[in-house]
Structure formats: structure tokens, C-alpha cells
Amino acid sequence: MTYAKILGTGSYLPAKTLSNHDLAKIVDTSDEWITTRTGIKTRHIAADNEKCSDLAVAAAQNALEAAGVDAAEIDLIVVATSTPDMQFPATATIVQQKLGISGCPAFDVQAVCAGFMYAITTANAYIKSGMAKKALVIGADVFSRIMDWTDRRTCVLFGDGAGAVVLGASDEPGILHSKLLADGNYGYLLQTPGWIANGAVCGTPFLQMDGPGVFKFAVKALAKVAEDVIAEAGLTPEQIDWLVPHQANYRILESTAKHLKLGMEKVVLTVQDHGNTSAASIPLALDWGVRHGSIQRGHTLLLEGIGGGFAWGAVLVKY
Ligand code: UT7
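Residues numbered from 1 in each chain as written. Predicted model: local features only at pLDDT ≥ 70, side-chain atom pairs only at ≥ 80, totals over all residues. Heavy atoms only, no water.

## A closer look at the overall build of the protein
For step 1, the next point in the chain: Counting its secondary structure elements, the protein contains ten helices and 15 strands.
For step 2, the next point in the chain: The globule rule puts the C-alpha radius of gyration for 319 residues at 20 Å, and the 18 Å found for the protein is close to it.
For step 3, the next point in the chain: Dimensions along the principal axes, computed over C-alpha positions, put the protein at roughly 55 × 45 × 35 Å.
For step 4, the next point in the chain: Among the 319 residues that make up the protein, the fraction classed as buried is 55%.
For step 5, the next point in the chain: Taken as a whole, the protein presents about 13,200 Å² of accessible surface, with 54% of it coming from carbon and sulfur.
For step 6, the next point in the chain: Each charge class in the protein was averaged separately, 25 positive and 31 negative side chains, and the resulting centres sit 4 Å apart. (Helix = DSSP H or I, 4+ residues; strand = E, 2+ residues; numbered from the N terminus. Rg over C-alpha atoms; globule rule 2.2 N^0.38 Å. Buried < 20%, exposed > 50% of the residue type's maximum accessible area, 1.4 Å probe, protein only. Areas by Shrake-Rupley, 256 points an atom, 1.4 Å probe, with all protein chains shown as cover. Lys, Arg positive; Asp, Glu negative; His and termini not counted. Charge placed at Lys NZ, Arg CZ, Asp CG, Glu CD.)

## Brief notes about the nonpolar core
For step 1, the next point in the chain: In this structure, Leu-207, Leu-302, Ile-306 and Phe-310 are the most contacted members of the largest nonpolar core, which totals 43 residues.
For step 2, the next point in the chain: Of all the secondary structure elements, the ones that give two or more residues to this core are helix 7 (211–232), helix 8 (250–259), strand 14 (300–307) and strand 15 (311–318).
For step 3, the next point in the chain: By size, the runner-up hydrophobic cluster in this structure holds 33 residues, among which are Tyr-126, Leu-167, Val-244 and Ile-295. (Core = buried A, V, L, I, M, F, W, Y, C linked by side-chain atoms within 4.5 Å.)

## Observations concerning the site of the ligand
For step 1, the next point in the chain: Taken together, 23 residues lie near the ligand, and Thr-29, Arg-37, His-246, Asn-249 and Asn-276 sit nearest.
For step 2, the next point in the chain: Contacts to the ligand include His-246, whose side-chain N or O atom sits 2.8 Å from an oxygen atom.
For step 3, the next point in the chain: Asn-249 places a side-chain nitrogen or oxygen 2.7 Å from an oxygen atom of the ligand.
For step 4, the next point in the chain: Contact with the protein chains removes 73% of the 950 Å² of surface that the ligand exposes when unbound. (Near = heavy atom within 4 Å. Polar contact = N/O pair within 3.5 Å; in protein donor to acceptor, adjacent residues only side chain to side chain.)

## Let's talk about the packing of helix 3 (residues 52–67) against helix 4 (residues 91–98)
Packed helix pairs are characterised by how far apart their axes lie and by the angle those axes make with each other.
For step 1, the next point in the chain: Taken N-terminus to C-terminus, the directions of helix 3 and helix 4 make an angle of 55°; their axes are 9 Å apart at the nearest point. What the angle tells us is that helix 3 and helix 4 run oblique. As for how helix 3 packs across helix 4, the hand of that crossing is right-handed. Contacts between helix 3 and helix 4 involve Cys-52, Ser-53, Asp-54, Ala-56 and Val-57 on the former and, on the latter, Thr-91, Ile-94, Val-95 and Lys-98.
For step 2, the next point in the chain: Broken down by class, the residue content of the contact of helix 3 with helix 4 amounts to five nonpolar, two polar and two charged. (Axes fitted to C-alpha atoms, helices over the stretch in contact; angles between N-to-C directions. Parallel < 35°, antiparallel > 145°, perpendicular 65-115°, else oblique. Left-handed = near helix turned anticlockwise from the far one by under 90°. Contact = heavy atoms within 4.5 Å. Nonpolar A, V, L, I, M, F, W, Y, C, P; charged D, E, K, R; others polar.)

## A look at the pairing of strand 15
For step 1, the next point in the chain: Strand 15 sits mainly inside the fold: seven of its eight residues count as buried.
For step 2, the next point in the chain: Taken together, the eight bridges between strand 14 and strand 15 define a ladder with antiparallel strand orientation. Note that in strand 15 the partner of Thr-300 across the bridge is Lys-318.
For step 3, the next point in the chain: The turn linking strand 14 back onto strand 15 is made up of three residues, and Gly-309 within it adopts a positive phi angle of 145°. (Pairing = 2+ DSSP bridges.)

## Description of the pattern of salt bridges
Side chains bearing opposite charge may pair, as long as their charged atoms lie close to each other.
For step 1, the next point in the chain: Under the definition given, this model contains eight salt bridges.
For step 2, the next point in the chain: Taking the shortest distance from any N to any O, the salt bridge between Asp-228 and Lys-224 comes out at 2.8 Å. One end of the pair, Asp-228, and the other, Lys-224, are both in helix 7, four residues apart, so they sit about a helical turn from each other. (Salt bridge = Lys/Arg side-chain N within 4 Å of Asp/Glu carboxyl O.)

## Here's the deal with helix 2 (residues 31–38)
For step 1, the next point in the chain: Among all positions in helix 2, only Asp-31, Ile-34 and Thr-38 are buried. All buried residues of helix 2 project into a common sector of 85° when viewed along the axis, lining one side.
For step 2, the next point in the chain: On its buried face, helix 2 sits against helix 1 (20–23), strand 3 (42–45), helix 8 and helix 9 (271–274).
For step 3, the next point in the chain: Phi for Gly-39, located one or two positions after helix 2, is positive at around 85°. (Arc of directions from axis to C-beta.)

## Examining the packing of aromatic side chains
Working definition: an aromatic ring pair is given by the centre-to-centre distance plus the angle between the planes.
For step 1, the next point in the chain: In this structure the tally under the stated criterion is five aromatic pairs.
For step 2, the next point in the chain: Taking 6.1 Å as the distance between ring centres and 40° as the angle between the ring planes, the aromatic pair formed by Phe-107 and Tyr-126 counts as tilted. In this pair, Phe-107 is assigned in strand 5 (residues 106–109) and Tyr-126 in helix 5 (residues 115–128), connecting sequence segments 19 residues apart.
For step 3, the next point in the chain: Judged by relative accessible area, which is 23%, Phe-107 ranks as partly exposed.
For step 4, the next point in the chain: Grouping aromatic residues by their ring pairs yields a cluster made of Tyr-186, Phe-217, Phe-310 and Trp-312. (Phe/Tyr/Trp six-rings, centres within 6.5 Å; stacked < 30°, edge-to-face > 60°.)

## Remarks on the sheet that holds strand 7 (residues 160–170)
Pairing between sheet strands relies on hydrogen bonds along the backbone, with the strands arranged either parallel or antiparallel.
For step 1, the next point in the chain: Taken in spatial order, the five strands make up an open sheet running 1-7-6-4-5, and their pairing is mixed. Of all the strands in the sheet, just strand 1 (3–12) and strand 5 have a single pairing partner and so form its edges. Strand-to-strand twist of the sheet, defined as the mean angle between neighbouring strand axes without regard to direction, takes the value 20°.
For step 2, the next point in the chain: By the bridge criterion, five bridges tie strand 4 (residues 76–80) to strand 6 (residues 134–142) in an arrangement that is parallel. Within strand 6, the position partnered with Val-79 by the bridge is Ile-138.
For step 3, the next point in the chain: Across the sheet, helix 3 lies against strand 1, strand 6 and strand 7, angled at about 125° from strand 1, the strand it touches most.

## Brief notes about the state of the cysteines
For step 1, the next point in the chain: With the rule as written, the count across this model stands at zero disulfides.
For step 2, the next point in the chain: Cys-113 supplies the cysteine sulfur nearest to Cys-52, a cysteine that is in no disulfide, at a spacing of 13 Å. (Disulfide = S-S within 2.5 Å.)

Here it is as C-alpha cells:
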């Protein structure tokens, strides 16, 4: 049986940081409110000349180096993003060009904060079916570009970054199981309802969110998908070494851990330093766990995330 195994992880965070105290100078908020409601203390913001593809390439190079894989060996590139460099071409093809390779399929997937779940599941299917041998899977977003910096309900929550994994075909277990879901009826809860037509931006290009509505939906949906993916793989929650959740809000990820009866010492936490980096958040947390020595070879990981669409999913990995 062929598995898709994680050969290496990587990440990139822009140099500039924006703390809660910095935000309190821009909008009517406080470090105390942001910390108690979300767990976020600071986040990274891309420089004016840094595009989504720049963050993605830096994370990809970092992952390739960790995997000991040359860019020329990559035969699939999937980028999860909802803040691409431009309308088209796909950011994945821009990443491909910047990595100095050509020929292999390269495309973007758009599932907002669940994007990395969708991207890694797609790459897993390519590898298991023999359509690819070494895939680069990247989550990259620059949500600072779609923030209304006068809206305290949203601008304090997000940050920029990128995370990547190199997946390789292997006889040893890698990705064990995956489950993706979506329900477009809830799209109105979280959206950036702008589009380009006749040379102009129509609608609004700023992110809009019903925070409490998203919170309620997320807590229920994540608990269910996490439970289901574990049960469908024939495992039990006690067998999970690390929960690597989407880092949107400490209270949401704490609720998922509690539902699975996992102590918080089994949860990779980066929300305090990164904020919500959308599609980048899960691979950023994964890379953090690997580089800090928490996640070790042989560990069983549960990755899970939810975002606009609504789209959500969970992926079980033998690292
Ligand atoms: O990646 C997936 C996408 N996003 C999420 O997962 C986010 C899910 N939602 C959440 O994390 C939470 O709902 C928020 C952190 C967004 C908001 O927390 P909340 O506990 O649900 O607060 P709330 O929206 O009910 O607002 C409570 C109060 C309101 O004031 P009033 O109406 O009670 O006077 C808000 O106006 O807090 C006020 N408020 C703020 N105050 C200070 C909202 N934002 C802020 C702020 N600073 N930044």
C-alpha cells in the first residue's frame, strides 16, 4: 500500500509584528480584551513588497531543506490560499516559477481557513493513486491585505504567514485518514464579498464576519469531524499524540481538545504569536511543533480546521 508521508515541514513569518498594544493605538480595543477572548498576543504582517507567493516560496524552501528534497524532484504543487497574488495565474504557478522548476501540475485550492486540509487531502489522493511521488503542499495567506483596519471586530484576529510540507510516496504509514466537509448555506457568516468587474472592485474587498455565529458553528463542527476522522481510522482519541488545530481562537481549540478528552499539553499552540493566519495556520503550527522537538517521528497527529464557505476538515497523520 502506498502512503503519503510527510518528509519535511517548513514555515515563514514576515519580520514585522503587530502586538495587541499596537492595535489599541489604531482601534478601540485592549490587550486584555483580545487576550481573554482569543488568546492572541501578537501577529506578523507582510511588508508592502511581500506577496503571498513570496511567503509561500520561503516556507517551501524551508520544507524542501528539512526533507532533503531538491525542488526539481517535486511533481505536484498545491497552494491553499484565499489571498492570492492576483486574480490569475494561480499562486502555485508563481511559486513554481520562483522555485525555478516547471512542468509539474501546480494549482491553488480555496477553502479559506480549511484550505490546508483541502490541499493536503488533494495531494494525498495524487500520491496514493500514483499520479505524484513528491508533492509540495503550502498554506499561505496575507489577510492583512483584506482587513478593514477600522473594524475592531475583525482586524485584531488575523495575521500573515505561510507553512509548507513535502509529501512523498512511501510504504510506511503517513496520512492515515482524511475527512472534508462544506456547507455553503453558512457562507454569509464569514466572507470577503468583493469581485472584479469592468476594471473596478465591486462589493467590498474587506473581510466581514459574524464572530459569535462562526464561533458556535466552529465548536460543533470541529468536535464532530475530529471525532469522526479518528473513529473512521479505527483509532481512539487516547492514541493521538498531538492535536494540531487551526489557530483562530484559544477558546475554540480548547473546546475541541476537551471534547476529545485531550489535555492542553497535547495541543500545539501558536495562536498567541501568530493570530489567525488562515490557510497557513495549521502548517505553521505543525512546523513549530516539529522544530521545537514536540512532534517526533512515529507520533500520531490530528490536524483540523474550519473556515469560510463554510468548509472544514480533519486529517490524521502518522508523522
Ligand atoms: O478561522 C475561522 C474564522 N474565525 C473564527 O474562528 C472566529 C470565531 N469567533 C470568535 O473567535 C469570537 O466570536 C470573537 C473573538 C470574534 C469575538 O468574541 P466574542 O466573545 O464572541 O465577542 P462578541 O463578538 O460577542 O462581542 C462582545 C463585545 C461587543 O460589545 P457589546 O456589544 O457587548 O457592547 C463587541 O462590540 O465585545 C466588543 N468587541 C470588542 N471590544 C474590544 C468586539 N471586538 C472587540 C475588540 N476590542 N477588538
